[in-house]
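# Results of the structural survey
Residue strings, one per chain:
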Amino acid sequence: MALVVEDYPDLGITRLSRWIFNCYLIRGDGACVVVDAGLPASPDDVAGVLAVLGGTVTAVIATHGHSDHVAGAPALVTETGASLHLPEATVGYLDGTQRPRTPALAKVAQIWPTLVSQPLDLTGLTGFVKGAQIAGYGGAKGMVGDGLRTARPLVDGQPLPGVPGWEILSVPGHTDDSTAFWHAGSATLISGDAVLSADGRAWFTPETVDDDLARSSERRLRALKVEHLLPGHGLPVHRRDVWAEVTCH
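Here we summarise the structure given alongside this text. Residue indices begin from 1 for each chain and proceed along its sequence in written order. Confidence filtering applies because this is a predicted model: local features only for residues at pLDDT of at least 70, side-chain atom pairs given and counted only at 80 or more, and all residues used for totals across whole chains, interfaces and linings. Side-chain metrics in this entry use all non-hydrogen atoms of the structure; hydrogen atoms and water are not considered.

Quick look at empty space enclosed by the protein now. Think of a 1 Å grid over the protein atoms and nothing else: a 1.4 Å probe that fits but is trapped marks a cavity, an open set flanked by protein within 12 Å on at least five of seven lines marks a pocket, and residues with an atom within 4 Å of a point count as lining. Grid points are joined across faces, edges and corners, and a volume is the space filled by probe spheres set on the points. All chains considered together, the criterion is met by one cavity of 30 Å³ or more. Taken as a whole, the largest cavity encloses approximately 110 Å³ of empty space. Lining the largest cavity are 16 residues, and of these Phe21, Asn22, Cys23, Leu39 and Ser42 lie nearest its centre. A run of H or I in DSSP counts as a helix once it spans at least four residues, and a run of E counts as a strand once it spans at least two, with each numbered from the N terminus. Mapped by element, the contributors of at least two residues to the lining of the largest cavity are strand 2 (13-18), strand 3 (21-28), helix 1 (42-53) and helix 2 (67-70). Residues are sorted three ways: Asp, Glu, Lys and Arg are charged, Ala, Val, Leu, Ile, Met, Phe, Trp, Tyr, Cys and Pro are nonpolar, and all the rest, Gly among them, are polar. Along the lines of polarity and charge, the residues of the lining of the largest cavity split into five nonpolar, seven polar and four charged.

Attention now moves to the pairing of strand 11 (residues 179-183). We call a residue buried when its accessible area falls under 20% of the maximum for its residue type, exposed when it is over 50%, and partly exposed in between, using a 1.4 Å probe and counting protein chains only. The buried count for strand 11 comes to five of five residues, which makes it a mostly enclosed element. Here strand 11 shows two buried faces, one formed by Thr179, Phe181 and His183 and the other by Ala180 and Trp182. Two strands qualify as a pair provided DSSP detects at least 2 bridges between them. Where strand 11 folds back onto strand 12 (residues 188-192) in an antiparallel hairpin, the turn is made up of four residues, including Ala187, whose phi is positive at roughly 55°.

A few words on the pattern of salt bridges. Side-chain pairs of opposite charge can arise whenever the charged atoms involved come near each other. Think of a salt bridge as a Lys or Arg side-chain nitrogen and an Asp or Glu carboxyl oxygen that are within 4 Å of each other. Scanning all chains against the criterion turns up twelve salt bridges. The residue Glu6 makes a salt bridge to Arg15 at a minimum N-O spacing of 3.2 Å. Taking relative accessible area as the criterion, Glu6 reaches 29% and is therefore assigned partly exposed. With a shortest N-O distance of 3.3 Å, Asp146 and Arg149 are connected by a salt bridge. Under the relative-accessibility criterion, Asp146 is labelled exposed at 66%. A single network of salt bridges, built from pairs that share partners, joins Arg18, Asp45 and Asp121.

Backbone hydrogen bonds are what pair the strands of a sheet, in a parallel or an antiparallel way. Sheet architecture is open: seven strands sit in the order 1-2-3-4-5-6-9, paired in mixed fashion. Looking along the sheet, the strands with just one partner apiece sit at the ends: strand 1 (4-8) and strand 9 (152-154). For this sheet, the mean inter-axis angle between neighbouring strands, taken without regard to orientation, is 25°. Inspection of the sheet shows strand 6 (residues 83-87) paired to strand 9 by three bridges, in the parallel sense. Note that in strand 9 the partner of Pro87 across the bridge is Leu154. Orientation is described by axes fitted as lines to C-alpha atoms, over the contacting stretch for helices, and by angles from 0 to 180 degrees between their N-to-C directions.

Moving on, we come to the side chain of Asn22. Mapped onto the elements, Asn22 comes out in strand 3. Among the residues examined, Asn22 registers a relative accessible area of 4% and is labelled buried. Any N or O atom pair separated by 3.5 Å or less is treated as a polar contact, with the protein-specific requirement of one donor-capable and one acceptor-capable atom, and with residues adjacent in sequence counted only for side-chain atom pairs. Of note is the side chain of Asn22, whose polar atom sits 2.9 Å from the side chain of Arg15. The criterion used for residue contact is that any of the two residues' heavy atoms lie within 4.5 Å. Discounting chain neighbours no more than four positions away, the residues touching Asn22 are Arg15, Leu16, Ser17, Asp36, Pro231, Gly232, His233 and Gly234.

Right, let's get into the side chain of Thr188. Following the sequence through the fold, Thr188 ends up in strand 12. The buried category is assigned to Thr188, whose relative accessible area is 0%. In this structure the side chain of Thr188 is engaged in a polar contact, spanning 2.8 Å, whose partner is the side chain of Ser186. If we ignore the near neighbours within four places in the chain, the residues touching Thr188 are Leu11, Ile13, Trp166, Phe181, Trp182, His183, His228 and Leu230.

Our next topic: a nonpolar patch on the surface. A patch consists of residues whose relative accessible area exceeds 30% and which take part in no salt bridge; residues with like charges are grouped when within 9 Å of each other, and nonpolar side chains (Val, Leu, Ile, Met, Phe, Trp, Tyr) when within 5 Å. Note on areas: Shrake-Rupley, 1.4 Å probe, and residue coverage restricted to the protein chains presented here. A contiguous nonpolar surface patch, about 450 Å² in accessible area, is contributed by Leu120, Leu122, Leu125, Phe128 and Val129. If you trace the backbone, Phe128 turns up in helix 7 (residues 122-131). According to the relative accessible area criterion, Phe128 is partly exposed, its value standing at 38%.

Purely spatial values, then, with no claim about function.
Structure below.
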């Protein structure tokens, strides 16, 4: 299966997907912010799409520091000269002031409905394996950070750099640095791995390092009137009230 590209012109967002790995381009006025360039192939994928749609990458951001969300970021930043922005806690992992926690394999196994929700893409699969050696955490080496050390922190409640109208939301639970991005004007939530999708519905992830934090983050997100859910893994969900039907497995 090849790269999947879905453009949502009313939202100013384009989704790039390989297997279950979603990367989003937030576009406006010639500028483009890339969210979750998680695979080594992400820079080439982004360049190919922007060659058609137009625009220049001005910022690269991530919802958390798992390697499948940041492994393509170092090369993309190098190639484009864009600024790099990671959640505040992720920056703490890089300077050694904090240590990342990652879900146990038993927790990862619980999200199998999302893992089988889209056709397998070999570039995505091999990129997931190789990415752990490039940047981020979750692999056997722990935090791999040399390519991320230029990152500036994304702080809860602050505007998202480079695009107007977006707010940074800290939503720990899946990981301690889990972050989402909210655009109230279009009722759009880029949820990272705090919310996945399965069976065409939103799914608050059971793949967690802290269930109490996850429940608190779920309450925070449910208070938002979301009409467009763009998850880190799984297909987007578009409906008048995304939380009206939430999947349970």
